[in-house]
Amino acid sequence: MFNDYNENPEEAASNLRLVLQMMGRYEIAPNPRNYALCYEYILARKPSLNRAIDAQIEQHGRLTEEVSLSLFDEHIAHGSIGSTQKVQEELKRIMRSVMLQLLQTGNEFANYANGLGLHLDRLKGEPDIGLLREVTHFLVEDTRQIESSSKHSSTRLSGATEEIERLRKELEHARKEASTDPLTGLLNRRAFTTVIANAIAKYQAEQRPFCLLMMDIDHFKGINDAYGHLVGDKVLRFVSRLLTQVLKGQDTLCRFGGEEFAALLPDTTIEGADRVAETIRNRLFNSQLRLMESGQPLGEITASFGVATYQADQTIEEIIQNADHALYEAKRQGRNKVVRAG
C-alpha cells in the first residue's frame, strides 16, 4: 500500500520536522495515515496529491479527517480503502434484502398453512359437493399464489447469490491491489513481510529452512538522471521480468523499495541462494538494453546482492537486516557482486 522511502537518517529527520510543522499549522490529526500523507507532500513526488492538498488548504485553511482519508485512499492506498468500504455497504444491503424476503416468504407460507387448517375445519362435517367445490377453488388459488411467491423468492435469492459472488471478486481484486506494487506487478514490501512471517512459522513448526535474497540495481539514480524516470521505470519492469523468469516454483518475489528487490527462497541452503543470486547477476550483466526511440544502448545494468539464511529465533527485522548488510557490503566491495551474510 505504502510507497517506498529511501531517505538517509538525516534527510528523514529533516522531513519529520517539516511534517510535524505542517500538521500543527493546518490542524491535521497526528495519526499514521496523516503522517504518510504529509510525508508524501513534503517529498513532492506526487504532483496531483500536492495540488489537491494545496487546494483544500487554500479553500478551507485546514485538512479535515474526511478529506485526508479520501486523499490517502486515492493517492497512497490506490483506492483499496474505498473499494473495501463499497463492498461492505453492498454486502450489507444484499443481506438486509434477503432477510426481508425470507421474512415475507415465511409470513406467506404461514398464512397458507393457516388457510389449509381453516379449510380442514370446514370439511369435518358431512360431505357437501358445493362446499367441496368452494374449498377446491380456494386451494387452487392459494396454492398458485404460494407457488408464484416461491418462484419469485427463488429468483431473488439466486440474484443475491450472483451479487455476492460479484462482490467477492471485487474484494479479492482490492486485496490484490493493496498487496501489489503497481509498477512491476510484484508483491509490495507490506505483503512480503507477511510471506516472511509465514516462512518463520513453518521453520518453527517443521524446521524447514529458507533464505532471503536482497538485490539493489547499481547506480540506478544515474539512469534516472540521464534518461528520465520513464526509462528508469522501464528498467525496473525489465528487471522484475528477469527475476520472474529465474525465480520459479515456491520462490516469492517482491519490489522491496525503489530499485531494491527481495526474494524468499524456501527449502534453500545458503549455497543454493548464492547460486540463484549469481544466476540473476550474470543474466542482468549480460543483458543489452537500448532506448526504444533511438536504439541508443543504456550501458551495463548491474546489481549487488546480499543473501542470508534464517537462523532460529530470528525476527523478521533481523533476517532482513542480515541480508541488507550483506547487500551493502557487496556495494562497498565495488558492486556487481554477491555477498553472503556472516
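Note that this is a predicted model, so its numbers are computed, not measured.

Draft legend 1. Highlighting the pairing of strand S3 (residues 260-266). Taken across its 7 residues, S3 has 7 buried, putting it largely inside the fold. Both faces of S3 are covered, namely the face carrying Glu 260, Ala 262, Leu 264 and Pro 266 and the face carrying Phe 261, Ala 263 and Leu 265. For strand S1 (residues 210-217) and S3, the ladder comprises 7 bridges, and the chain directions are antiparallel. By the bridge assignment for S3, Met 215 is matched with Phe 261.

Draft legend 2. Structural context of the environment of Thr 64. Secondary-structure assignment places Thr 64 in the loop between helix H3 (47-60) and helix H4 (65-75). Residue classification places Thr 64 among the partly exposed positions, given a relative accessible area of 27%. Spatially, the C-alpha atom of Thr 64 lies 9.0 Å from that of Tyr 26, the residues being 38 residues apart in sequence. At 3.2 Å, the side chain of Thr 64 forms a polar contact with the backbone nitrogen of Val 67.

Draft legend 3. The arrangement of the nonpolar core in detail. Counting 33 residues, the largest nonpolar core has Leu 213, Met 215, Ile 217 and Val 239 as its most contacted members. Those elements giving two or more residues to this core turn out to be S1, helix H8 (220-227), helix H9 (229-246), S3, helix H10 (270-285) and strand S4 (303-309). Tallying contributions element by element places H9 first for this core, with 7 residues. Residues within four places of Met 215 in sequence aside, it is in contact with Val 239, Leu 243, Glu 259, Glu 260, Phe 261, Ile 280, Leu 284, Ala 303, Ser 304, Phe 305 and Leu 327.

Conventions adopted
- Residues numbered from 1 in each chain as written.
- Predicted model: local features only at pLDDT ≥ 70, side-chain atom pairs only at ≥ 80, totals over all residues.
- Heavy atoms only, no water.
- Buried < 20%, exposed > 50% of the residue type's maximum accessible area, 1.4 Å probe, protein only.
- Helix = DSSP H or I, 4+ residues; strand = E, 2+ residues; numbered from the N terminus.
- Pairing = 2+ DSSP bridges.
- Polar contact = N/O pair within 3.5 Å; in protein donor to acceptor, adjacent residues only side chain to side chain.
- Core = buried A, V, L, I, M, F, W, Y, C linked by side-chain atoms within 4.5 Å.
- Contact = heavy atoms within 4.5 Å.

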